[in-house]
Amino acid sequence: MTAPCPHDRTTESRTDAQVQHALHAAVARVAATGGRLTEPRRRVLELLLQAYGPVKAYDLVARFHADRRVAKPATIYRALEFLERMGLAHRLSTLKAYVACHRDLPAHSPAFLICECCGALREIPASGATPLVTAAAALGYTIDHITIEAEGRCQPCPLEKVE
C-alpha cells in the first residue's frame, strides 16, 4: 500500500455474537470431518474472525494470549495450516497474511479483491477457476485449491495513487 488513504473507511468488524456463532459452526464443521478444533486452533480462528482485514502471523503471535504472554510462532503456524486445510482461513500470498473465510462452504475457490490504497479486502467466488481446473485435468494435473488475488482500488479510493 502507498501513503495513507484520504477517505474515511468504515470498518465492518464482526460482533462478538457473530464471532461466537462462527466459532460454533467451525467446531461442528471440524468435528464432522473427525478433526478437533483445539484451543490454539480455536484462538487463532477467533483472532482472525475479530480482525477487520488480513493479519500477519507474527501479529497473531503477539495477540494470542490476553495476559501479554506471547505464543510460540510454531503454534500459530500449525494452527493456521490446520485452519487453511479445513477451509476456515485463507493465506494471502500477496500480503503474506491470513484472513478468516467468509463463506460457509467446506471447500471453494476464493478470489480476493485487495485495495492497494486503503487495504480493504473482499472475498468473492472465483467463478473463473473452472477453466483452469479443466485445463489442468487435461494435462493430468490435479489442483488441490485455488486462491486468486487481485489488487486495485475500491470505489471510495481515488483512481490515482496518493504519494
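Rules used throughout
Residues numbered from 1 in each chain as written. Predicted model: local features only at pLDDT ≥ 70, side-chain atom pairs only at ≥ 80, totals over all residues. Heavy atoms only, no water. Pairing = 2+ DSSP bridges. Helix = DSSP H or I, 4+ residues; strand = E, 2+ residues; numbered from the N terminus. Axes fitted to C-alpha atoms, helices over the stretch in contact; angles between N-to-C directions. Expected span 1.5 Å × (residues − 1). Buried < 20%, exposed > 50% of the residue type's maximum accessible area, 1.4 Å probe, protein only. Contact = heavy atoms within 4.5 Å. Salt bridge = Lys/Arg side-chain N within 4 Å of Asp/Glu carboxyl O. Parallel < 35°, antiparallel > 145°, perpendicular 65-115°, else oblique. Left-handed = near helix turned anticlockwise from the far one by under 90°. Nonpolar A, V, L, I, M, F, W, Y, C, P; charged D, E, K, R; others polar.

Quick look at the sheet that holds strand β4 (residues 121-125)
And then number 1: Spatially, β4-β3-β5 is the arrangement adopted by the 3 strands of the open sheet, whose pairing is mixed. The sheet is open, and its two borders are formed by β4 and β5 (148-152), each paired with just one other strand. Strand-to-strand twist in this sheet, taken as the mean axis angle between neighbours without regard to direction, amounts to 25°.
And then number 2: Pairing between strand β3 (residues 110-115) and β4: 5 bridges, direction antiparallel. Paired with L113 across the strands is R122, a residue of β4.

Structural notes on helix α2 (residues 39-50)
In an α-helix there are 3.6 residues to a turn, and that puts residues three or four apart on one side.
And then number 1: Its 12 residues place the ends of α2 16 Å apart at the C-alpha level, agreeing with the 16 Å of an ideal helix rising 1.5 Å per residue.
And then number 2: Within α2, the full set of buried residues consists of R43, V44, L45, E46, L47, L48 and L49.
And then number 3: On its buried side, α2 packs onto α1 (16-32), α3 (57-63), α4 (73-85), β1 (89-92) and β2 (97-100).

Considerations on the pattern of salt bridges
And then number 1: Taken as a whole and assessed by the stated rule, the structure comprises 3 salt bridges.
And then number 2: Its salt-bridge partner being R43, residue E46 comes within 3.0 Å of it at the nearest N-O pair. Taken together, the residues span about one helical turn, with E46 and R43 both in helix α2 at a distance of 3 residues. Summarising the burial analysis for this pair, E46 and R43 share the class buried.

Some details on the environment of A62
And then number 1: Tracing the sequence through the fold places A62 in helix α3.
And then number 2: Look at A62 and you get partly exposed, because its relative accessible area is 43%.
And then number 3: On a C-alpha basis, the gap between A62 and K72 in space is 9.3 Å, while along the polypeptide they are 10 residues apart.

Description of the packing of α1 against α2
And then number 1: At a minimum axis distance of 10 Å, the contact between α1 and α2 shows a crossing angle of 140°. One way to sum up the angle between α1 and α2 is to call them oblique. Judged by the twist between their axes, the crossing of α1 over α2 is right-handed. Between α1 and α2, the residues in contact are V19, Q20, A22, L23, A26 and V27 and R42, L45, E46, L49 and Q50, respectively.
And then number 2: Looking at the contact of α1 with α2, its residues break down into 7 nonpolar, 2 polar and 2 charged.

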